[in-house]
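The primary structure of each chain is shown beneath.
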Amino acid sequence: MIITCAITGAIHTPSLSDALPYTPADIARQSIEAANAGASILHLHARDPKTGAPTGDPSVFQQFLPAIHSATDAVINLTTGGSPEMSTEQRLAAALKFSPEMCSLNMGSMNFSFHGMGSKITEWKFPWERSYIADSEKFIFRNTFADIARNYELLAEHGTRFEHECYDIGHLYNLAHFVDRGIAKSPFFIQSVFGILGGIGAEPDNVVFMRRTADRLFGKDYVWSVLAAGRHQIPLVTQAAMLGGNVRVGLEDSLFIGRGSLAASNAEQVKKIVRILDELGLERASPEETRAILSLKGRDNVRLSH
């Protein structure tokens, strides 16, 4: 089982949890700890070190990527989803600069809202946070067919492979469209996403539906993983593992470790899913095994050295 850990994302804000890393030093430290705990893929966003706001600036990525690359053998997976406020160019900038082994690739446009997330916060650490969360009610997450094709085209030259993020059933069919066009190359790493307002709901039946649909569309040409938002994280990724899938955890997806209890770190979530996989008798993939499963180009073929 491949364990991915999504370290910070671009949705949660610093006031929601003191554990959410946003300085380069904290992102690097938590990434390394997550890898040491058992994550073989690290999915990474960057944040403004002074405000914690999401940023696509490659110079900020530069402040933590080399440290992670030198301290761990984990696969580095960079976002191309960015944040609600970024242009498509800003979303791609870091991937084009650093030529990572993997990038995320969102497989369709959608409403993507988290406007109720800050309802219990009375004091905000930074002035941008409150409106950022509230304004998500108006947000359309743009991922047109042209945008997706451009990602494939630009990153093909780098040998970068993709974590295809599918927030709904239609996104699987969007991927199938690119397979039919000869643009997407197997094995496809599909990350089924559950519980985002605007996407498919976090229901066990939907997990099975996603799995069966992917089986029908892609046969044995894909590798399947699941992430689920908030309180649904551990139950649904455990279900995915029992169905033969891979798993993703991390503070990008959920700030919690248990009912009403905030996680102290990304590593704490990784350790929890490791215990569950071990109890189920499921073997965890090492970084090298992960590279073989996903046909990655290897850590020596990236631009991440100091």
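Quick look at the structure, then. (Residues numbered from 1 in each chain as written. Predicted model: local features only at pLDDT ≥ 70, side-chain atom pairs only at ≥ 80, totals over all residues. Heavy atoms only, no water.)

**Notes on the overall build of the protein chain**
Here is step 1 of the chain: If you tally the helices and strands in the protein chain, you get 11 helices and 14 strands.
Here is step 2 of the chain: Its C-alpha radius of gyration of 18 Å places the protein chain within 12% of the 19 Å reference for a compact globule of 306 residues.
Here is step 3 of the chain: Taking the principal axes of the C-alpha coordinates as reference, the protein chain spans close to 50 × 40 × 40 Å.
Here is step 4 of the chain: Sorting the 306 residues of the protein chain into buried and exposed places 59% on the buried side.
Here is step 5 of the chain: Contacts in the protein chain between residues far apart in sequence, at least 24 positions, make up 75% of those at least 6 positions apart.
Here is step 6 of the chain: Per element, the accessible surface of the protein chain, about 12,700 Å² overall, is 50% carbon and sulfur.
Here is step 7 of the chain: Considering the protein chain, the positive charge centre built from 29 side chains and the negative charge centre built from 33 side chains are found 1 Å apart. (Helix = DSSP H or I, 4+ residues; strand = E, 2+ residues; numbered from the N terminus. Rg over C-alpha atoms; globule rule 2.2 N^0.38 Å. Buried < 20%, exposed > 50% of the residue type's maximum accessible area, 1.4 Å probe, protein only. Contact = heavy atoms within 4.5 Å. Areas by Shrake-Rupley, 256 points an atom, 1.4 Å probe, with all protein chains shown as cover. Lys, Arg positive; Asp, Glu negative; His and termini not counted. Charge placed at Lys NZ, Arg CZ, Asp CG, Glu CD.)

**A short note on the side chain of Ser136**
Here is step 1 of the chain: Looking at the secondary structure, you find Ser136 in the loop between helix 5 (128–134) and strand 8 (140–141).
Here is step 2 of the chain: Within the structure, Ser136 has its side chain in polar contact with the backbone nitrogen of Phe114 (distance 2.9 Å).
Here is step 3 of the chain: At a separation of 2.7 Å, a polar atom in the side chain of Ser136 contacts the main-chain carbonyl oxygen of Ile133.
Here is step 4 of the chain: Once you skip the residues sitting within four places of it in the chain, Ser136 turns out to touch Phe112, Ser113, Phe114 and His115. (Polar contact = N/O pair within 3.5 Å; in protein donor to acceptor, adjacent residues only side chain to side chain.)

**Brief notes about the environment of Thr13**
Here is step 1 of the chain: Take Thr13: it is sitting in the loop between strand 1 (3–6) and helix 1 (24–37).
Here is step 2 of the chain: Measuring from C-alpha to C-alpha, the distance between Thr13 and Ile133 comes to 8.3 Å, with 120 residues separating the pair along the chain.
Here is step 3 of the chain: If we skip the residues at most four places from it in the chain, Thr13 touches Leu20, Trp124, Trp128, Glu129, Tyr132 and Ile133.
Here is step 4 of the chain: In this structure the side chain of Thr13 is engaged in a polar contact, spanning 2.6 Å, whose partner is the side chain of Glu129.

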